[in-house]
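# Architecture at a glance
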Amino acid sequence: MFKKILIANRGEIAIRVAKACKELGISTVGVYSTIDKKSLHLRFMDETVWIGDSPAISSYLNIEAILEAAKKTKAEAIHPGYGFLAENEKFAKACEDAGIIFIGPSSKALSLVGDKVASRNTVKKVDVPIIPGMHMTSTDISLFKKTAEKTGYPVMIKASMGGGGKGMRVVHNEKDLEKSIAISQREALSSFGDDSIYLEKYIEEPRHIEFQVLRDNYGNCVHLFERECSIQRRHQKIIEETPSPALNDELRIEMGEAAKKVIEASDYTTAGTVEFLLDKNKKFYFLEVNARIQVEHPITEMVTGVDLVREQIKIAACEKLLLSQDQIKQNGHAIETRIYAEDPDNNFVPSPGKILFLSEPKGPGIRVDSGIYQGCNIPPHYDPILSKLIVWSENRNMSIVRISENLKEYIILGIKTNIGYLKRIIDSKNFASGDYDTHFIDEHEESLLPKQEKLNIALIAGALNKSLGISKRAKEYDSQYSQMTTPWQEIGKWEICSLS
Amino acid sequence: MNYKFNFLEKTHKINLEKADDLFKIIINDKQEYTITDVEVESNLISFKADDKTYNIYCFSDKDKTHLSIDGENYTLELEKDIATKAKTGKQQKGNSVFSPMPGLLVKVPVSVGDKVKSGTTLAIVEAMKMQNELPSPRDGIVKKINGKEGEQVDALQVIVELE
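Residues numbered from 1 in each chain as written. Chains lettered and ligands numbered in written order. Predicted model: local features only at pLDDT ≥ 70, side-chain atom pairs only at ≥ 80, totals over all residues.

We now examine the overall build of chain B. When helices and strands are counted, chain B shows one helix and 16 strands. Relative to the globule expectation of 15 Å for 163 residues, the C-alpha radius of gyration of chain B, 22 Å, shows a markedly less compact shape. Overall size of chain B, expressed as C-alpha extent along the three principal axes, is 65 × 30 × 20 Å. In chain B, which comprises 163 residues, the proportion classed as buried is 33%. Of the contacts made within chain B by residues no fewer than 6 positions apart, 39% connect residues no fewer than 24 positions apart. (Helix = DSSP H or I, 4+ residues; strand = E, 2+ residues; numbered from the N terminus. Rg over C-alpha atoms; globule rule 2.2 N^0.38 Å. Buried ≥ 20, exposed ≤ 12 C-beta atoms within 10 Å, placed from the backbone. Contact = placed C-beta atoms within 7 Å.)

Grouped together as the largest cluster of nonpolar side chains are 184 residues, with contacts concentrated most on Leu6(A), Ile78(A) and Ala123(B). For this core, the element with the most residues is helix 15 (residues 455-472) of chain A, which contributes eight residues. Leaving out residues up to four positions away in the same chain, Ile78(A) has contacts with Leu6(A), Ala8(A), Ile66(A), Ala70(A), Cys95(A), Ile100(A), Phe102(A) and Ile103(A). (Core = buried A, V, L, I, M, F, W, Y, C linked by C-beta atoms within 7 Å.)

Quick look at the domain arrangement of chain B now. One can read the domain layout of chain B as domain 1 (2-84) and domain 2 (90-162). One C-alpha centre belongs to domain 1 of chain B, the other to domain 2 of chain B, and the line joining them spans 37 Å. (Domains from an automatic or database assignment.)

Put simply, an interface is often sized by how much accessible area is lost when its parts join up. Each side of the interface is counted separately: chain A has 49 residues, and chain B has 51 residues. Listing elements by their share of the side of chain A that touches chain B, those giving two or more residues are helix 7 (177-192), strand 16 (349-350), strand 18 (357-359), helix 11 (396-408), strand 22 (411-413), helix 12 (419-427), helix 15 and helix 16 (476-482) of chain A. A per-element tally of the side of chain A that touches chain B places helix 15 of chain A first, with 16 residues. Residues belonging to the side of chain A that touches chain B are distributed by class as follows: 25 nonpolar, 14 polar and 10 charged. (Nonpolar A, V, L, I, M, F, W, Y, C, P; charged D, E, K, R; others polar.)

This part covers the pairing of strand 11 (residues 236-242) of chain A. Residue and element names in this part refer to chain A. Judged by how many residues are buried, strand 11 sits mostly within the fold: seven of seven residues are covered. By the bridge criterion, four bridges tie strand 10 (residues 221-233) to strand 11 in an arrangement that is antiparallel. Directly across from Gln232, in strand 11, lies its bridge partner Lys237. The antiparallel pairing of strand 10 with strand 11 creates a hairpin that spans two residues between the two strands, and Arg234 there sits at a positive phi of about 50 degrees. Two elements, strand 11 and strand 14 (residues 333-340), share four bridges in a ladder whose sense is antiparallel. Within strand 14, the position partnered with Glu240 by the bridge is Glu336. (Pairing = 2+ DSSP bridges.)

On to the packing of helix 1 (residues 11-23) of chain A against helix 10 (residues 308-316) of chain A. Residues and elements named next belong to chain A. In the contact formed by helix 1 and helix 10, the axes pass within 9 Å of each other and the chain directions differ by 65 degrees. The chirality of how helix 1 crosses helix 10 is right-handed. Residue-level inspection shows Arg16, Val17, Ala20 and Glu23 of helix 1 in contact with helix 10, the latter providing Val309, Arg310 and Ile313. Each residue belonging to the contact of helix 1 with helix 10 can be placed in one class, and the counts come to four nonpolar, no polar and three charged. (Axes fitted to C-alpha atoms, helices over the stretch in contact; angles between N-to-C directions. Left-handed = near helix turned anticlockwise from the far one by under 90°.)

Most of helix 12 of chain A sits out of view: eight of its nine residues are buried. Of all the positions in helix 12 of chain A, only Ile419(A), Gly420(A), Tyr421(A), Leu422(A), Lys423(A), Arg424(A), Ile425(A) and Ile426(A) are classed as buried.

This part takes up the sheet that holds strand 11 (residues 115-116) of chain B. Residues and elements named next belong to chain B. On the basis of which strands lie adjacent, the open sheet formed by four strands has the order 9-16-14-11 and antiparallel pairing. Here the strands that pair on one side only, and so sit at the sheet edges, are strand 9 (96-98) and strand 11. Bridge count between strand 14 (residues 140-145) and strand 16 (residues 158-162): three bridges; the pairing is antiparallel. Pairing of Lys144 across the sheet is with Glu161, part of strand 16.

Pasting the structure below:
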C-alpha cells in the first residue's frame, strides 16, 4: 500500500479522498491555488503545497506544478478527484513517465475511454448500442452539417474530453449550428484544455442512468448497480438516486453486464462509471465512460456498503479486488442533492461570495460531503459545487421524506444557493412519481418557481431581528461571528427544534 | 416601531408594537399578526404566529438581513438602500450592459462605433466555468467598452455602453 498520496483537487472531493487515505493509513499532500490558501480541504492534509495562481489553468490544471509538488513531497501516487485533470490522458502519461502512480486507469485506457469519440469506437465492437453520430472529432463545420442532416435535428455537440455538461450544446436547426460549435469549443478549451468536439443525434425524453464498475489489474470486474441521474440543469446533474425507479431486475442485470463489457473491452482498471441513456421505450444506448470517481458516488456507497474511494486506491496499489458480483447487493434507497453556489431563480447565475452563516444537517441516514465552513469565501474561479447532502432510508418514499426534511435544516446564509430549489424538486409530485426524464427542469420550470408563501413570516422575523436583535446584540458583529466555528472545529453544531 | 424592507424590488412596510408578552405586527397596513413566545438567541429567532411555531435562522449584514425559513432563503434590505439598489435590477435596460457576477471577461465581440441590434452579444463573461453571453438591451451604437478580454470584472461592472 502507498505511504503518501497527493490529492490534486480542492473542495469536498479533496476532503473525501483525504478521509479514505487516513483510514488506509496513508499520509496526504494537499495542493492549493493562491485564492484557496484558506480553503477547507487543506485542513485535512498532512502537508500542503502551493501550485499556482487562482485561475485553474495556472494551478489545478497545471500538470508541471502538480508533478513538481509530488516529487518534492515524495508522494508515490496522485489522486485527481473529479474535474480538472481527472480524465486528462496527458496528465496520466506524465505521472507514469515520472514514476508516480495515477489513481485511475492507465493512460492507454484513458485514451480509449476518457476520450468520448475513441470510446464510442471501442464500444461499437462489443455489441453495446451507441447513439448515431460522428466517429471522430473535427473542426470542419461542413462535416458537422452533413452528420446533423443525416441523423436529423435536434443534435448534440459535445466536448470529446468533457464532463459535467461543460462544452455541451443542443442544436435544433442548422442556423444555430456554427455559433454553438464556437461556444462549445471555447468552453471545452477553458474547462479541459482541449477544444476537440463532435456531434451526435439528440435522444429525446431520455433518462440518464449510469453503472458503477470496479476492475482490478488481474481482470476481476464487478458492477455496483445503477445511479439514476436524470434531474439535470444545463446538462449537469443536481439530484441522483439509486435504485432507479425506471429499471426492473431484468433490465438492471442486462445493463450491468453491458457496463462490465465496456470496461473490459477498454482494459480499464480502478473505479469507472458507464453512462447510458434510456429512451422512452426502455432501449438503452451507451453514452460514455466517466473515468474517475464521480460526484454522485456516495449514493452507491450508501446502498452497497462499499467504500468506492478506498477500493479505487487499493486497486491502484495493485491489490486484488476481493468483492465478487454476487456479494454486492442493493440495500434500501439513497438520494443525493448537490448544493451549488448559484441563483436558481435567476437563470442559475453563479453566486460566489462569503458564507456568513452555516449549519449543516445531522442525524440517522444522513451524510454531508462538504467543502465549506462558516466565514469562508467561495471564489469565482471554479465549479460552483459547495457540498452534497446524501440520505439513505429503507425505501424511496422514506428517502424522499428524509432528504426534504434535511434540506430544511441545511442553512447557508450570505450567498445564493440552490437549496430551496432542490427542495421544491424533491417535494414535487412529478419527482415523487418516479416518472421523469432529463427534461424535468425545463418542463416544470413554472411549478419550481419560489412561492414566497412565507414572505410575511420573513418580514416578521426581519422586524423582530431589527428590534430585538440589535439591542440584545449591542456588539452585533462580534457576537454573530463568535458563533462561527473555525475550519479546525466541527461544523454545524445546531440542535434543531422540530417545527411540529 | 416602523420598518420598511425591500424584497425583490418591492417595498414592504412593517409596523411592530410591543404589548406585555406579545407583539402586534401589521404588514403593509393590512395583514395583522399576533406574535408570542419570541426568543432571539444568536442566529436563531423563534416565535409563534397564528399558533404556528417558526424557527428561523438569521444573519444581519449591514442593512441586509439574510433569513432561512424551512429551506427557502430570503434577503431583506432596509428601505434606505433602495436608491443605490436601483441599478442592481436584474433587467439589462437602457444604455449599458453589466456583468451580473464577478468573473473573467472572455470576449467582447463588438468595437466602439459598431451598430448593434437588440439581442446581439456584446460581451461574454465566465464564472465558475460557465460562460454567460450578455445581450444588447436595444438597438444602438457602441459608445464605450470598459475592460479588456482576459480581465477580471466585478459584479455590476458596466462593460459596454451604448449611445
